[in-house]
Every structure is written in structure tokens, then in C-alpha cells.
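The lines below spell out each chain.
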Amino acid sequence: MHSLSVIMRAINGLNRLIGGIFSWLSVAIVVVCFWVVIERYFFGNTRLWMQDLYPWLSGVMFTAVAGYALLNNDHVRVDIFYRPTSNRNKAWMDLIGVLVFLLPFTYVVAIYCYTFVARSWGLREGSANPGGAEGLFLVKGFILVFAATLALQGISMLIRSILILRGREDLVPHDYRYETLMG
């Protein structure tokens, strides 16, 4: 059980690191978008590569931080059933949800997108806009990062569920335990 706890903590640490780094892209997105508007309306200039840049940065950020969002319980959930139930029932719901929905979803995304991403990398694909940004292949590569970080966080959730169902909540870090409602 201790080795499962170590794996869970490592996955959580990795997603915290990735989330902490890539969430800073939000600042870059705002700065680039602001500058594109300033250039267009005040200087009458348009740089297509910069217009490509801010939606690409958004795509990178949102795909990279998906596992981090799941770690922090920021994904959509049907709280009407989940929130008021016991920790044991939450563990069962997470275990079933991860095995039946999350891991198969990330597998399908990875398998079906691999060829798409590999082709883009092979071509060193850039923007479809003349004069647009280079490096679209890098952005598309984050589809696989999305699948990997989400799957890893799903495995962490599975481990948490197993530990709780085996009565070893003491091996789950305090910041990763289920929230309990105060009546």
C-alpha cells in the first residue's frame, strides 16, 4: 500500500509541476492578444504569426493543465449525487468512473490522435495562413500530453480510491482527500 501511495504522490507532483508552469501561459495569452489589438487598431499593422500565437498558446495551456485541473477537482461533476455521499461511496464512484469512462477516453484520444500528431510532426506543420506562425506541430503534440496527464491523474484517482476502500486513508495526502460536508 505504501508503494501505491508513493506512485500517487509522484503523479500528483508531476501534474502540479506541469499545471504550475503552463498556467502561466494565461499571462502570455493576454499580453499577445493585447498587443495584436494595439498593433491593428493603433498602428494599422497585422502580424499573422502573432494572430496565430494566442489561440495556439490557449490550446497548449488548456491541454497541458487538464491533469492538474482533475487533481484539483476542477472538472465538471454531477455533485448532486457525489458531494453529499460518504468517502467510501466517493471512492467507489471514482474507481468506476475512471475505469469505465476516463481511462478508455484517454486511450481513444491517444490512439486516434497519434497518427494525426505524428503526421504533423513529420511535416513540421505550420500555420495555414500565409506568413503565419511556424510550429503548429508543437501545438498538436499537446493532444498527446493531454491524454497522458489526464490518464496519469486517473491512475492517481484509482490509487486514492483503492487506499480509501482498503481503510488506508492515512496514506492519502491531506490535500488530496475527499472534502466532507459540514452539516
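Here, the structure is the one placed above.
What you see is a predicted model, and the numbers here were worked out from it, not measured in a lab.

## Considerations on the overall build of the chain
At step 1: Summing up its helical and strand segments, the chain has seven helices and zero strands in all.
At step 2: Each helix (α) and strand (β) of the chain, taken in turn from the N terminus, gives the series α-α-α-α-α-α-α.
At step 3: Radius of gyration (C-alpha) of the chain: 20 Å, far over the 16 Å computed for a compact globule of 183 residues.
At step 4: When its C-alpha atoms are laid out on the principal axes, the chain stretches across 65 × 40 × 30 Å.
At step 5: The proportion of buried residues among the 183 residues of the chain is 39%.
At step 6: A separation threshold of at least 6 residues defines the contact pool for the chain, and within that pool the share at least 24 residues apart is 73%.

## Thoughts on the nonpolar core
At step 1: With 23 residues, the main nonpolar core has M8, L150, L163, V172 and Y176 as its most contacted residues.
At step 2: Sorting elements by how many residues they give to this core places helix 7 (residues 136-165) first, with nine residues.
At step 3: Those residues in contact with L150, other than ones at most four positions away along the chain, are A66, G67, L70, H75, L102, F105 and T106.
At step 4: Grouped together as the second largest cluster of nonpolar side chains are 15 residues, I29, V36, W56 and A64 included.

## Examining the environment of W92
At step 1: Along the polypeptide, W92 turns up in helix 6 (residues 87-123).
At step 2: Take W92: its relative accessible area is 42%, and that puts it in the partly exposed class.
At step 3: Separated by 32 residues in the primary sequence, W92 and V60 have C-alpha atoms spaced 32 Å apart.

Definitions and cut-offs
- Residues numbered from 1 in each chain as written.
- Predicted model: local features only at pLDDT ≥ 70, side-chain atom pairs only at ≥ 80, totals over all residues.
- Heavy atoms only, no water.
- Helix = DSSP H or I, 4+ residues; strand = E, 2+ residues; numbered from the N terminus.
- Rg over C-alpha atoms; globule rule 2.2 N^0.38 Å.
- Buried < 20%, exposed > 50% of the residue type's maximum accessible area, 1.4 Å probe, protein only.
- Contact = heavy atoms within 4.5 Å.
- Core = buried A, V, L, I, M, F, W, Y, C linked by side-chain atoms within 4.5 Å.

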